[in-house]
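Here's the letter readout for the chains.
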Amino acid sequence: MSDILFHPFRLNAQLELNNRILMAPLTRCMADDDLVPTADMAAYYARRADAGLIISEATIIRPDGQGYPNTPGLYSAAQIEGWKQVTGAVHRAGGKIFAQLWHTGRVAHPHFFGGGDVLAPSAEKVEGTVPRRRDLTYVTPKPASVEEIHQLVEDYTQAAANAIEAGFDGVEIHGANGYLIDQFLHYDSNKRTDEYGGTPENMSRFALEVTDAIAARIGWEKTALRISPGAYFNMQGDARDRQVFDYLLSELQNRALAYLHIGIFDDSMEFDYLDGRASAYVRQRYNKTLVGVGGFSAQGAAQAIADDKFDLIAIGRPFIANPDYVAKVRKQEDLVEYRDDMLATLV
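Procedures and definitions
- Residues numbered from 1 in each chain as written.
- Predicted model: local features only at pLDDT ≥ 70, side-chain atom pairs only at ≥ 80, totals over all residues.
- Heavy atoms only, no water.
- Helix = DSSP H or I, 4+ residues; strand = E, 2+ residues; numbered from the N terminus.
- Rg over C-alpha atoms; globule rule 2.2 N^0.38 Å.
- Buried < 20%, exposed > 50% of the residue type's maximum accessible area, 1.4 Å probe, protein only.
- Contact = heavy atoms within 4.5 Å.
- Areas by Shrake-Rupley, 256 points an atom, 1.4 Å probe, with all protein chains shown as cover.
- Lys, Arg positive; Asp, Glu negative; His and termini not counted.
- Charge placed at Lys NZ, Arg CZ, Asp CG, Glu CD.
- Core = buried A, V, L, I, M, F, W, Y, C linked by side-chain atoms within 4.5 Å.
- Axes fitted to C-alpha atoms, helices over the stretch in contact; angles between N-to-C directions.
- Left-handed = near helix turned anticlockwise from the far one by under 90°.
- Parallel < 35°, antiparallel > 145°, perpendicular 65-115°, else oblique.
- Nonpolar A, V, L, I, M, F, W, Y, C, P; charged D, E, K, R; others polar.
- 1 Å grid on protein atoms, 1.4 Å probe; cavity = no way out; pocket = protein on both sides within 12 Å on 5 of 7 lines; lining within 4 Å.
- Points joined across faces, edges and corners; volume = space filled by probe spheres on them.

(A) Inspection of the overall build of the protein at higher detail. Scanning the protein from terminus to terminus reveals 10 helices and 16 strands. A globule of 347 residues ought to have a C-alpha radius of gyration of about 20 Å, and the protein, at 19 Å, matches this closely. Each principal axis of the C-alpha distribution contributes one length, and for the protein these read about 55 × 45 × 35 Å. Per-residue burial over the protein gives 60% buried out of 347 residues. Summarising the internal contacts of the protein: among those between residues at least 6 apart in sequence, 71% fall at separations of at least 24. Accessible surface computed for the protein: about 13,200 Å², of which carbon and sulfur atoms make up 46%. Here the protein contributes 34 positive and 47 negative side-chain charges, whose respective centroids are spaced 3 Å apart.

Written as structure tokens, this is what we have:
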């Protein structure tokens, strides 16, 4: 059954993946103090180049998008040069890599960018403290003005162009997991009454504007999107969210994304207002290239693809513990179990 994982997959006219196993985006907080990727990061990604496609760790589009320490950026010349070392190493090892573009929205913290406003759809604060910096408490964000939203669209687009300059094969827009784009898509975080809130069409507007602008700049074949229809991380669910995602998915179905990625940490999670798993809900509404993720074993991933639940599977923590994950699965060798202390080093 696992043989299906090793079938090549034509992602677009220019890009064929060697297998159907993607390396999921994994936040490692290992950039330098200027948020420039390091030589250790280049080696880390190159060791995992056997994946059909690597999705980079989430990479911020501008300084005020930072919500965690030492997360890399894609907005300065030095960062572009740093990423060139990463993409070059991956390509020399025979791999392919997309950049995941990120703005954390209300999960950002002014400590990281020298003070100023934290932007979000509405003045809805996240409770608690910042992971890896528990001395920092979240602040109440400033609702982004329409002009600031338009600037954000431009900054996402420029970051996508920077990614292509840095040698990435494409970009995945991070529209999931309670970060900025996802915040516009859920009633818990979006209380707006203007053209960016209040109705499914308005709440989907920012996500679609970012997606369309990036695709116009770098091409649809290089543009992917990650979404979380079920709210579960830094977000409370609301039954009305389903109407937003019904509309968003109907719009995405009419676009030519490289792929759509379901951003759920555990695919077994069920949501009452989605009538079950988020992945099943999305597949019923989106029949183009779909990436699943969320705790799959190799056998489970192969079965899900065989059952047409997904076309591709993203694997996360096992890739941290096993740089040679693809080779081990192919040879049916035992995997090293992931441990939390592995996050402290790049191996």
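(B) Local environment of the nonpolar core. L101, F206 and L260 are the most contacted members of the largest nonpolar core, which has 89 residues in total. Residue contributions to this core peak at 8 residues, all from helix 3 (residues 146-165). Excluding its chain neighbours within four sequence positions, the residues that come into contact with L260 are L225, I227, L249, L252, V282, Y286, T289, L290 and V291. Of all hydrophobic cores here, the second largest spans 16 residues; its members include A24, L53, L312 and A314.

(C) Quick peek at the packing of helix 3 against helix 5 (residues 200-218). At a minimum axis distance of 9 Å, the contact between helix 3 and helix 5 shows a crossing angle of 35 degrees. Remark: the crossing between helix 3 and helix 5 carries right-handed chirality. Note on element contacts: helix 5 touches helix 3 through F206, E209, V210, A213, I214, R217 and I218, opposite I149, L152, V153, Y156, T157, Q158, A160, A161 and I164.

(D) Seen up close, the packing of helix 5 against helix 6 (residues 241-253). Their axes nearest at 9 Å, the elements helix 5 and helix 6 cross at an angle of 50 degrees. One element, helix 5, and the other, helix 6, form an angle in the oblique class. The element helix 5 and its partner helix 6 pack so that their crossing is right-handed. Contact residues: P200, E201, M203, S204, A207 and L208 in helix 5; Q243, V244, Y247, L248, E251 and L252 in helix 6. Split by residue class, the contact of helix 5 with helix 6 holds 8 nonpolar, 2 polar and 2 charged.

(E) How the structure looks around the layout of surface pockets. Of the volumes computed, that of the largest pocket is approximately 960 Å³. If you go around the largest pocket, you meet 36 residues; those closest to its centre are P25, L26, T27, F265 and R317. Elements supplying a minimum of two residues to the lining of the largest pocket: strand 5 (97-102), strand 16 (312-315) and helix 9 (317-321). No other element matches helix 9, which puts 3 residues into the lining of the largest pocket. Broken down by class, the residue content of the lining of the largest pocket amounts to 21 nonpolar, 10 polar and 5 charged. Contributing to the lining of the second largest pocket are 12 residues, with A298, Q299, Y325, V329 and L335 lying nearest its centre. Among the secondary structure elements, those contributing two or more residues to the lining of the second largest pocket are helix 8 (298-306) and helix 10 (325-331). In terms of residue count, the dominant contributor to the lining of the second largest pocket is helix 10 (3 residues).

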